[in-house]
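Residue-level structure breakdown
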Amino acid sequence: MLSCSQVSVKHSIEASRNTPSLRSFLVQVSRHASHIAQQQYDVIVVGGGHAGTEAAAAAARVGAETLLVTQKIHTIGALSCNPSLGGVGKGQLVKEVDALDGLCGRAGDWAGIHFSILNRKKGPAVWGLRAQLDRQRYREFIQSELLSTPRLTVVEGSVEELLVTEPNPEQPGHHRVTGIHLANGSHPISASSVVLTTGTFLSGSLFMGQSSSPGGRIGDAPSSSGLSQTLRERLGLRIGRLKTGTPPRIVKDSVDLSQTELQPPDSHPTPFSFLNTRIRCKPEEQLPCYLTYTTPGVERVVRESLHLNCHIQQDTKGPRYCPSIESRVLRFPGRKHQVWLEPEGVTSDLFYPQGLSMTMPPDIQLQLIREIPAMHRAEIHTPGYGVQYDFVCPTQLSPALQVKSTQGLFLAGQINGTTGYEEAAAQGVWAGANAARWALSMPAVSLSRTESYIGVLIDDLVSRGVTEPYRMFTSRAEFRTSLRPDNADLRLSLKGFEEVGCVSSFRYREAVKVRDSLQDALAALQSLTMSAHNWRKMLPDVHMSEAKSIVLTGMEVLQYKDVSFEMLASLFPELLSSYMEFSQRLKIEAVYRPHCDLQKKEIERIQREENMALPQDIDYLSLPVSLSKEAREILDRVRPSTLGAVMRLQGITPAAVIHLFNYVYHTGQKERRMHRNQPDQKDDRAGMHLYLN
């Protein structure tokens, strides 16, 4: 068992970047630290992964004396699976974490070696910024940030159990967590709140072929079983079981790249962080990725080795949207599947083969990858493996990510049934901030679905729960046209400073400057008014309808596909040239503003009319509107009497409320028209009448 050792040295980020090796620094610090300086903290965070690092940093930023407990300091911020960040839906989470002053966005900009924006063929609201990362650079940045964070102490250790006592009778809950016991037998460490971010280590088991062993990540010691036992038996929480996996790492020089498709990065990389205008890596020094495909031979190897693969045979749910190659072959037989060969770092000699997660025996793994032409002579550096782990059913949490039945206990990351670095980081920021607020006797804060993807994520978890590892998609957000990557700072940085306390004054001032500049620029565009005829003369290459002569503002002209802000600034330099740095944001805002204004009015209208009576004979199961099967079943079972009652149902999204409202409202209008036209006829469908109280 690891001894508990405190890292008490704080150093600047720049200093850490100039040192030849952060690992040697950590080893030196650990060697000279032999005890914890204090036994009482405001917040204790258990786990040093993506959720844990964000939680610890956020708690400290809010003002809490925070302790981060992790098994190995040098694995803090490790990219356990794919060395990448972002993507469709996930990139939005990274931007929001950054807007709340989180770490991962800036770390991605520092460690990124291949940047690209996914989904470009669609609108900017659903673009997905993604970056391939250098594993070592990312880990070192996160460690450097944590070790230089005021009020944050980092220790090595394994948590044996939680300290649980009687609840505060003035607060809801059946139990109260007051600290932790470390497995090395040291004195208990007290805290007002504890954040568990155990990842795959909560009663984790590793699988490869027909063998299994305790653990959450290959090469790391297993976590104590006492923690899972405390959650299940002492606190009475409902615990489930999920699984995931990782592919083998391939020696780069053993791959025949001539048989792959080159996938270059964007020539002009877009940073994750709102504080950065460029990335660390020079654009021309970015590394490419390579695309290849599976063959019928891959499917044959999978089928012939199923009896040797105990992980794939078990019923434990795995990630549907990032499945193993075994699952893909069994679900979609006869198909050709993509395999992306992604670099693991600037100096790394390994490829990460995304799409080839597998848990068969190592010799069978080699057979499988050699069925792919580009890898017919490939060598495996580290075999793939599977992990099964416990998670806490997240419907037992509040929107602050606090366990409802246990005062002072917060959960974030895979322990809540999610998958992915970005989902973990997003939960970590929010759980850490709320844990600090609880410890400092401040009220909890929450995010709604209408203001952030983080709010969508948390609402989905606490109101619906999970039956498989949860992954974020843009389609989960009903208001995605207003929850765009470009405006996350305006949505969250101001709130993070004024209401939450997790955003620095520096970032707040920057966000205020951006907000004011954008407002001034939009006002300037709105003040530009000319007839459509004059606009056509000034912009002859832009197709504008000549059907009628109308007056258009600069804002309305900017909505045209072929019009850029740069074009308008060249025509009106005195008015617009000072806002050139916001040109893309202004274009996006102009395009989406009409829809966002309409959506906002729709939401406000629903809020005003929440007393609308709903027909009691309505057939929700066959209603001709866009409702999920889950929403239909909930409505059919509960049969709410008013629109407001629908809005308060768990599992019913704002989009479902809007669709139901529109259906009932327009059906009511149609019924009233029929009655006016046929006053003497009795309508047998009286139950479909609309009443506005």
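Further up the page is the structure itself.
So, here is what we can say about the structure in this document. Residues take numbers from 1 onward in each chain, read along the sequence in its written order. Residues qualify for local features only when their pLDDT is at least 70, as the model is predicted, and side-chain atom pairs are given and counted only at 80 or more; totals for whole chains, interfaces and linings, by contrast, use all residues. Water and hydrogen atoms were dropped before computing side-chain values, which therefore reflect all heavy atoms in the structure.

1. Considerations on the overall build of the protein chain
Scanning the protein chain from N- to C-terminus turns up 23 helices and 24 strands. Only protein chains enter the accessibility calculation, which uses a 1.4 Å probe; a residue is then buried when its area is under 20% of its type maximum, exposed when over 50%, and partly exposed in between. For the protein chain, with 693 residues in total, the buried portion stands at 56%. In this analysis, two residues are considered to be in contact whenever any of their non-hydrogen atoms come within 4.5 Å of each other. Taking the contacts inside the protein chain whose residues are at least 6 apart along the sequence as the reference set, 73% of them involve residues at least 24 apart. In this description a helix means any DSSP run of H or I spanning at least four residues, a strand means any run of E spanning at least two, and both kinds are numbered starting from the N terminus.

2. Concerning the sheet that holds strand β5 (residues 112–118)
The sheet built from 3 strands is open, its strands ordered β4-β6-β5 with antiparallel pairing. Edge positions in the sheet fall to β4 (84–86) and β5, since each has one partner strand and no second. Taken pair by pair, the neighbouring strands of this sheet meet at an average axis angle of 20 degrees, ignoring direction. The pairing criterion for strands is at least two bridges between them, as found by DSSP. One ladder, built from 3 bridges, connects β4 with strand β6 (residues 128–133); its direction is antiparallel. Within the sheet, the bridge partner assigned to Leu-85 lies in β6 and is Ala-131. Note on method: axes are straight lines fitted to C-alpha atoms, helices fitted across the in-contact stretch only, with angles between N-to-C directions ranging 0 to 180 degrees. Sheet strands in contact with helix α5 (residues 104–111) are β4, β5 and β6, and its direction is about 115 degrees off that of β5.

3. Re the nonpolar core
Core analysis: the largest hydrophobic core is formed by 137 residues, its most contacted members being Ile-44, Leu-162, Ile-180, Leu-196, Leu-231 and Leu-409. By residue number, the principal contributor to this core is helix α12 (residues 421–439), which donates 11 residues. Apart from the residues lying within four places of it in its own chain, the contact partners of Ile-44 are Leu-67, Val-69, Gly-179, Ile-180, Ile-189, Ser-190, Ala-191, Ser-193, Val-194 and Val-195. In this description, a nonpolar core means a group of buried Ala, Val, Leu, Ile, Met, Phe, Trp, Tyr and Cys residues linked to one another through side-chain atoms lying within 4.5 Å. Judged by nonpolar contacts, the second largest core, of 27 residues, contains Val-514, Leu-522, Val-563 and Leu-568.

4. Quick notes on the side chain of Thr-149
Summarising the element assignment, Thr-149 is placed in the loop between α6 (135–147) and β7 (152–156). Judged by its relative accessible area of 12%, Thr-149 falls in the buried class. Any N or O atom pair separated by 3.5 Å or less is treated as a polar contact, with the protein-specific requirement of one donor-capable and one acceptor-capable atom, and with residues adjacent in sequence counted only for side-chain atom pairs. A polar contact of 2.7 Å, which involves the side chain of Thr-149, links it to the backbone oxygen of Glu-145.

5. What about the side chain of Thr-70?
Assignment of secondary structure puts Thr-70 in strand β3 (residues 66–70). In this structure, Thr-70 is in contact with Gly-48, Ile-76, Val-154, Val-155, Glu-156 and Gly-157, ignoring residues within four places of it in sequence.

6. Focus: the packing of aromatic side chains
Pairing of aromatic rings covers Phe, Tyr and the six-membered ring of Trp, with a centre-to-centre limit of 6.5 Å; geometry is then stacked below 30 degrees between planes, edge-to-face above 60, and tilted otherwise. As enumerated under the stated definition, the model contains 6 aromatic pairs in all. For the pair Phe-115 and Phe-272, a centre-to-centre distance of 6.1 Å together with 50 degrees between the ring planes defines the contact as tilted. Here Phe-272 lies in the loop between β15 (261–263) and β16 (289–293) and Phe-115 lies in strand β5, a separation of 157 residues in the sequence. Taken individually, Phe-115 and Phe-272 each receive the classification buried, so the pair is uniform in this respect. Criterion for a charge above a ring: Lys NZ or Arg CZ within 6 Å of the ring centre, and within 35 degrees of the ring normal. In this structure, Lys-252 is placed above the aromatic ring of Phe-351, and the distance from its NZ or CZ to the ring centre is 5.4 Å. The ring of Phe-473 carries the charged tip of Arg-471 above its face, separated from the ring centre by 4.4 Å.

7. Quick look at the pairing of β7
Counting buried residues along β7, 5 of its 5 residues qualify, which places the element largely inside the surrounding structure. Residue alternation in β7 divides its side chains into two sets, Leu-152, Val-154 and Glu-156 and Thr-153 and Val-155, and both sets are buried. Where β3 lies against β7, 5 bridges are found, and the strand directions are parallel. Across the sheet, residue Thr-70 finds its bridge partner in β7, namely Glu-156.

8. Here's the deal with the pairing of strand β12 (residues 211–214)
Here is the key point about a regular strand: its side chains alternate between the two faces of the sheet. Pairing geometry for strand β11 (residues 205–208) and β12, over 4 bridges, is antiparallel. What sits directly across from Phe-207, in β12, is Ser-212. Counting the residues between successive antiparallel strands, the hairpin from β11 to β12 contains 2 residues, one of them, Gly-209, with a positive phi of roughly 65 degrees.

9. What about the pattern of salt bridges?
Salt-bridge detection follows one rule: a side-chain nitrogen of Lys or Arg within 4 Å of a carboxyl oxygen of Asp or Glu. Tallied over the full model, the rule gives 31 salt bridges. Glu-96 is the partner of Arg-491 in a salt bridge, and the nearest nitrogen-oxygen pair spans 2.9 Å. Here Glu-96 lies in helix α4 (residues 90–99) and Arg-491 lies in helix α14 (residues 488–500), a separation of 395 residues in the sequence. Across the salt bridge formed by Glu-589 and Arg-484, the nearest N and O atoms sit 2.9 Å from each other. Placement of the pair is Glu-589 in helix α20 (residues 583–608) and Arg-484 in the loop between α13 (453–464) and α14, with a sequence separation of 105 residues. Given the relative accessible area of 21%, Glu-589 is considered partly exposed. Judged by its relative accessible area of 1%, Arg-484 is buried.

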